[in-house]
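One-letter residues, chain by chain:
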Amino acid sequence: MHLHKFEKLWLLSGVGALALFLVILGFGAFYLGTHPQSHGITIDPANIEAEEAFQPENLGLTKVDDDKYIVNVVATAFNYDLGVDEDGNAVKNIKIPKGSTVLFQVVTPDVVHGFNIAGTNVNMMVEPGFISSMEVEMKQSGEFTLLCNEYCGVGHHMMFATVEVYE
Ligand code: CUA
């Protein structure tokens, strides 16, 4: 088989680029230890409440220190469980003072969901079997929409809540 010089060059650059990308990927995964957002912390999706943080009374916003908060969330098809208020109604809005540090911890008992607070850096994939967590400083005030950005079924578009960061 005769290959034209440019054909050989083209093939070589294609194979070379593929090899380079695999090396970069391998470097990130094995040397830098890149991993999913869950930090590899596992949980039994059939028994989420075995973990204290995800028992009904511990869901939603909790103040742990001055300017420090934890938000525990159970994402289900098609709802974010943020606990209940004093009247027993489901919380759909969390209010956080500007400048505070918030640790978001999210789990799901059913399928893969997203956890994205639009307009902020918070954007996690929530997978059954893992605790997805992320700590952020809420630097910008305003009302943000928490939404699911992983298609999870017919009610996917109804999966949202709001996060209010006030001055
Ligand atoms: Cu949950 Cu889409």
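To start, this report covers the structure provided alongside it. (Residues numbered from 1 in each chain as written. Predicted model: local features only at pLDDT ≥ 70, side-chain atom pairs only at ≥ 80, totals over all residues. Heavy atoms only, no water.)

**Looking at the overall build of the protein**
Next up, step 1: Across its full length, the protein carries 1 helix and 10 strands.
Next up, step 2: For the protein, the succession of helices and strands along the chain, N to C, is α-β-β-β-β-β-β-β-β-β-β.
Next up, step 3: For a compact globule of 167 residues, the expected C-alpha radius of gyration is about 15 Å, and the protein comes in at 21 Å, more than 25% above that figure.
Next up, step 4: Viewed in the frame of its principal axes, the protein has a C-alpha envelope of about 80 × 35 × 30 Å.
Next up, step 5: Across the 167 residues in the protein, those meeting the buried criterion constitute 32%.
Next up, step 6: Within the protein, residue pairs in contact and separated by at least 24 positions form 60% of the contacts whose partners lie at least 6 positions apart.
Next up, step 7: With the model as given, the accessible surface of the protein reaches about 10300 Å², and the carbon-plus-sulfur share is 59%. (Helix = DSSP H or I, 4+ residues; strand = E, 2+ residues; numbered from the N terminus. Rg over C-alpha atoms; globule rule 2.2 N^0.38 Å. Buried < 20%, exposed > 50% of the residue type's maximum accessible area, 1.4 Å probe, protein only. Contact = heavy atoms within 4.5 Å. Areas by Shrake-Rupley, 256 points an atom, 1.4 Å probe, with all protein chains shown as cover.)

**Topic: the nonpolar core**
Next up, step 1: In terms of nonpolar packing, the biggest core is built from 28 residues, with Tyr80, Phe104, Phe115, Ile117 and Val163 touching the most fellow members.
Next up, step 2: At the level of elements, strand 2 (68-76), strand 4 (93-97), strand 5 (101-107), strand 6 (113-117), strand 7 (123-126), strand 8 (132-137), strand 9 (142-147) and strand 10 (160-166) are the ones that each hand at least two residues to this core.
Next up, step 3: For this core, the element with the most residues is strand 2, which contributes 4 residues.
Next up, step 4: For valine 163, the contacting residues outside a window of four places in its chain are Ile94, Ile96, Ile117, Met138, Gly142, Glu143, Phe144 and Leu146.
Next up, step 5: Core analysis: the next-biggest nonpolar cluster, separate from the first, contains 7 residues, Ile43, Phe54, Leu59 and Val107 among them. (Core = buried A, V, L, I, M, F, W, Y, C linked by side-chain atoms within 4.5 Å.)

**Things to note about the sheet that holds strand 10**
Next up, step 1: Taken together, the 5 strands give an open sheet; going across it, the order is 4-10-9-6-7, and neighbouring strands pair in mixed fashion. The open sheet has two free edges, formed respectively by strand 4 and strand 7, since each of these has just one partner strand. The sheet shows a mean angle of 20° between the axes of neighbouring strands, taken without regard to direction.
Next up, step 2: Where strand 4 meets strand 10, 5 bridges bridge the pair, whose relative direction is parallel. Residue lysine 95 lies in a different strand from strand 10, and its bridge partner there is glutamate 164. (Pairing = 2+ DSSP bridges. Axes fitted to C-alpha atoms, helices over the stretch in contact; angles between N-to-C directions.)

**Observations regarding the pairing of strand 1 (residues 60-65)**
Next up, step 1: By the bridge criterion, 5 bridges tie strand 1 to strand 2 in an arrangement that is antiparallel. Its bridge partner being in strand 2, threonine 62 is matched across the sheet by isoleucine 70.

**Concerning the environment of glycine 114**
Next up, step 1: The topology assignment puts glycine 114 in strand 6.
Next up, step 2: Glycine 114 gets classed as buried once you look at its relative accessible area, which sits at 0%.
Next up, step 3: Each C-alpha atom of the pair glycine 114 and leucine 147 lies 7.1 Å from the other, and the pair is 33 residues apart in sequence.
Next up, step 4: In this structure glycine 114 touches Tyr80, Met124, Val126, Leu147, Cys148, Asn149 and Glu150, once residues within four positions along its chain are discounted.

**Digging into the packing of aromatic side chains**
Next up, step 1: Enumeration according to the criterion identifies 3 aromatic pairs in this entry.
Next up, step 2: Here the aromatic rings of phenylalanine 27 and tyrosine 31 are separated by 5.0 Å at their centres, their planes lie at 25°, and the arrangement is stacked. Placement of the pair is phenylalanine 27 and tyrosine 31 together in helix 1 (residues 5-31), with a separation of 4 residues, close to one helical turn.
Next up, step 3: Assessed through its relative accessible area of 64%, tyrosine 31 is described here as exposed. (Phe/Tyr/Trp six-rings, centres within 6.5 Å; stacked < 30°, edge-to-face > 60°.)

**Examining the side chain of histidine 113**
Next up, step 1: You can see histidine 113 is positioned in strand 6.
Next up, step 2: At a separation of 2.8 Å, a polar atom in the side chain of histidine 113 contacts the side chain of aspartate 110.
Next up, step 3: Ignoring sequence-local partners within four residues, the contact set of histidine 113 consists of Ala75, Thr76, Ala77, Thr108, Met124, Met125, Val126, Cys148, Glu150, Cys152 and Met159. (Polar contact = N/O pair within 3.5 Å; in protein donor to acceptor, adjacent residues only side chain to side chain.)

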